[in-house]
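Residue strings, one per chain:
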Amino acid sequence: MRAATLIAASASLAFGQLDVTAKDSNGNTLPVYSPSRPPAIPLAVRSPYTSAWSSTSNNGTLNTNGVIFWPGTPLGWEGIVTVDGTSYEYLGTGSSTLPTLPNLKPAIPLTVSYDSQYSNFTFGAGPMEITASFLSSVLPKDLCRTSIPLSYLTTSVRSTDNDSHSVQFYSDVNAAWVAYENNVTTQWTFYEGSTPANGSINATNPSSIYSWFVSLENAYEFAEEYDKPLWGNLSYSTSSNFSGSTNFSYQSGYSSNLQYQYVMKHSLQDFVDPGYRPFGTRDPAFAFAHDFGTVSSASVMYTIGEVQQPAIRYLTSQGVESLQPWWTQCYGDIFQMINFHFNDFSTTQQLASRFEVQLKADVDSYYRANMAMVYSNSTIGPLPFYSNGSQTYTNSTDQYGDRYIFDPNNMYGFLNPYNFSGVPIPDIEEAQAYYSIVALSTRQIMGAYVLTVPPSGGCSNGGVNVSEPLFFQKEISSDGNVNTVDVLYPAMPFFLYANPELLRYSLEPLFQNQESGFYPNGYSMHDLGTNFPNATGHVEGNDEYMPVEESGNMILMTYAYYKFSGNSAFVQQHYAKLQQFASYLIEYSLLPGLQVSTDDFAGALVNQTNLAIKGIVGIQAMSFISTLANDSFGSQNYSTTARSFYSQWEGFAIDPSEKHTMLAYQWRSTYSLLYNTYPDVLLDLNLIPNSLYDMQSTYYPTVSQVFGIPLDSRHSYTKSDESMWTAATCTPETRRLFVNALGYWLNETTTQYAFTDLYDTIDMGAYPVSPNPVTFIARPVAGGHFSLLALERKGQLGVLGTGFGTSENSTTLP
């Protein structure tokens, strides 16, 4: 008999790069990535409109692929550092439009690292090293700072030869940030503090913040074009006062002219171009330059973001209201907000570090308590250098001494040679893989939301607290809806982990709308508005038809909020509406008929096993909710109904082989990820027996592919969020297969945009193309990746609370 070895892992090792011999388009060796090489790196990600990324596709780097808006459209963002008269481009691709200049070179990429808060890039620049650090802080317990739609870029240099060197910095942004079409006229203003300075000024006041504001000449409030806002402005700010800086200059004009002038003279002309025009006409750009003289190190900082004021259009019992962003409650006007944010950098860094340290600690804590059991005769060896999978047939042993085989000619993945079921990727530690997933997901999740001041007139629901914000989500890249219930639901684990109150602030508008009589149907609405940022509901009841899905989601999210907050008043306040949803589930969830689930891209299907169990689990949650509402009769009735339904569901759902559940009743030999059982585990509902979880855990490895387990037996694609929900219901050994497969995909995939939640488990892990192309990008459902950490947080409740070293929800000026 082989010895049982308990495996715990630390989230400290890097995956490594794809190919040490590969080159970028500048001919430079690719950087080393840590903790993994994702398809895109977040740069400035703070809202649905402040969402700038750098793609790694085609061996791209920050200064070869440039900067893109989340859908992939280019954003002009340029960065150059000059050392001893030679300029090194580290950010953007503006140099490609210039003539060949002997004193202009691409900086040499060295490393790329990310965590939950930062993306850091280092470059070689002659005798100096450049570091570009992009900070988009995620501070879920601090509502004021969370509401700010601005991000930081800090660029620093240090000497690598122990000598001092002449150093200058340049950066610009262009009008593509605010306009999708290149023939739409843009306008701009240069500010010293809050004072417009469109004539020439000598920008030398060390206490001032200098800002470029760029906007459309003809704005349309609450409208989008190709996901870009048609109102508000881009702000790009800096200061003249950085330690060692001897000269500061600014200028707007044709981007190529500005960059050429800077490369030749290392300064700008303190001039604002008066010729408003589209970005397709002599591309207008807005630049800053800092001169540090001769130094061994230097640093500058910029802040950037799209600012919309007002932010959301919202239907209330008093009519449609324009809601202001929450930061107006905290800081005042836009200039005060920019000034606070700029001068708050040091504090924000400390708070961001606190979240990051806690995140790593919680990943480690979870894996210490939930170690995978590995059976091996061998002593555990050191983890091999991450190989990114074999390129040839491999029959080998992993670090635990267990044998595996891998054949690159098929997409079965890594297999146990004795029974040919899937095994976890052999050269990845699970905790490291999981950390790489959640760290990349964090900014993406929060970047889909906007915090607002509640409506001044309130709603007919008398329980509205006007001192608390409302939280609005954009369903990025799929439908573009507002507060889509089946997008809030898969994202739920993040908020339960990070701050359950944010979940409540998201649910509140949905309850307000339906309890005010604006929604005519007896089941839960699908979303709060078809087109973000218009949260105007569906007074005709013609939203997407997902009645079992959304009714179950609303009940489960409401109870989950209570479980992680202890706030029974919220549950009691909405009990009548929850009863209405539960009545629908009692009538339709056991036999849901022809409906779509949250996976609507897969199409409608009769009596979906996974959809039915969501409704049944939701009924069971209602028994606990009824107890909170002092309705003992309802509690008993819901529990009896749920247990009766579950018993019948088992008879309908389990394949005749008794080895797995089926995709749909009476459709034998099919399967799907049974992710809707996760709330039973998370919320301690105690409805589903361990035997079902064990059966599924044993089955999933038999149908795994190289990048994980397909969503169901109809297609080769899977969902990352639903995979992580499923993983949380499995034995540690099967959980490890799910987690390592997703971590492996993240480092290998050929997708080129922000973390997608839908991808093929075969071939190169690309976006699905069959039966129809589907490209999901930057969606907030990445919150589902926190399924394991939500379980970890549940274990800490009553001991550590839900905060990150603080118990307050900061809603006022810090």
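Residues numbered from 1 in each chain as written. Predicted model: local features only at pLDDT ≥ 70, side-chain atom pairs only at ≥ 80, totals over all residues. Heavy atoms only, no water.

The name that an unreviewed UniProt entry assigns to the protein is Glutaminase, with the source organism given as Letharia columbiana.

On to the side chain of Ser720, then. Examined against the element boundaries, Ser720 turns out to sit in helix H16 (residues 720-727). On the basis of relative accessibility, which here comes to 0%, the residue Ser720 falls in the buried class. Leaving out residues up to four positions away in the same chain, Ser720 has contacts with Leu742, Phe755, Thr756, Asp757, Tyr759 and His785. (Helix = DSSP H or I, 4+ residues; strand = E, 2+ residues; numbered from the N terminus. Buried < 20%, exposed > 50% of the residue type's maximum accessible area, 1.4 Å probe, protein only. Contact = heavy atoms within 4.5 Å.)

For the rest of this paragraph, the subject is the pattern of salt bridges. Opposite charge on two side chains lets them pair, provided their charged atoms get close. As enumerated under the stated definition, the model contains 19 salt bridges in all. Between Arg779 and Glu475 there is a salt bridge whose closest N-O contact spans 3.7 Å. Of the two residues, Arg779 is situated in the loop between strand S37 (758-760) and helix H18 (787-796) and Glu475 in the loop between strand S32 (470-473) and helix H7 (485-498); the sequence distance between them amounts to 304 residues. On the basis of relative accessible area, Glu475 is assigned to the buried category, the value being 5%. Asp757 is paired through a salt bridge with Arg779; the nearest N and O atoms lie 3.0 Å apart. Taken as a pair, Asp757 in the loop between helix H17 (732-748) and S37 and Arg779 in the loop between S37 and H18 lie far apart in primary sequence, 22 residues in all. Overall, Asp757 belongs to the buried group, its relative accessible area being 3%. Connected through salt bridges with shared partners, the residues Glu475, Lys719, Asp721, Asp757 and Arg779 form a single ionic network. (Salt bridge = Lys/Arg side-chain N within 4 Å of Asp/Glu carboxyl O.)

Here we have four strands laid out as an open sheet, ordered S3-S4-S5-S6, and antiparallel in their pairing. Unpaired on one side and paired on the other, strand S3 (40-45) and strand S6 (74-75) mark the two borders of the sheet. Across five bridges, the pairing between S3 and strand S4 (residues 51-55) is antiparallel. Looking at the pairing, Ala44 lines up with Ala52 of S4. (Pairing = 2+ DSSP bridges.)

Turning to the sheet that holds strand S33 (residues 534-535), a few remarks are in order. Sheet architecture is open: three strands sit in the order S26-S25-S33, paired in mixed fashion. Taken across any chain shown, the strands that pair with only one partner, and hence form the sheet edges, are strand S26 (319-323) and S33. In the sheet, strand S25 (residues 312-316) pairs with S26 via five bridges, with the strands oriented antiparallel. Looking at S26, one finds that Arg313 is bridged to Ser322.

Here we come to the packing of aromatic side chains. Applying the stated rule across the entire model yields 61 aromatic pairs. Their ring planes at 85° and their centres at 5.7 Å tell us that Phe121 and Phe134 sit as a pair that is edge-to-face. Taken together, the residues Phe121 in strand S11 (residues 118-125) and Phe134 in strand S12 (residues 128-135) connect sequence positions 13 residues apart. The exposure classification of Phe121 matches that of Phe134, with both residues buried. The cationic tip of Lys228 hangs over the ring face of Phe69; the distance from NZ or CZ to the ring centre is 4.5 Å. Here the guanidinium or amino end of Arg779 rests over the ring plane of Phe776, the centre of that ring lying 4.0 Å away. (Phe/Tyr/Trp six-rings, centres within 6.5 Å; stacked < 30°, edge-to-face > 60°. Lys NZ or Arg CZ within 6 Å of the ring centre and 35° of its normal.)

This paragraph deals with the pairing of strand S17 (residues 209-216). Here S17 lies mainly inside the structure; eight of its eight residues are buried. Side chains Ile209, Ser211, Phe213 and Ser215 of S17 all project onto a buried face; the interleaved residues Tyr210, Trp212, Val214 and Leu216 project onto the opposite face, where all are buried too. Pairing of strand S15 (residues 185-192) with S17, which is carried by seven bridges, proceeds in the antiparallel orientation. Bridge pairing links Trp188 to Val214 in S17. The pairing of S17 with strand S20 (residues 233-239) spans six bridges and is antiparallel. Following the sheet pairing, Val214 is matched in S20 by Leu234.

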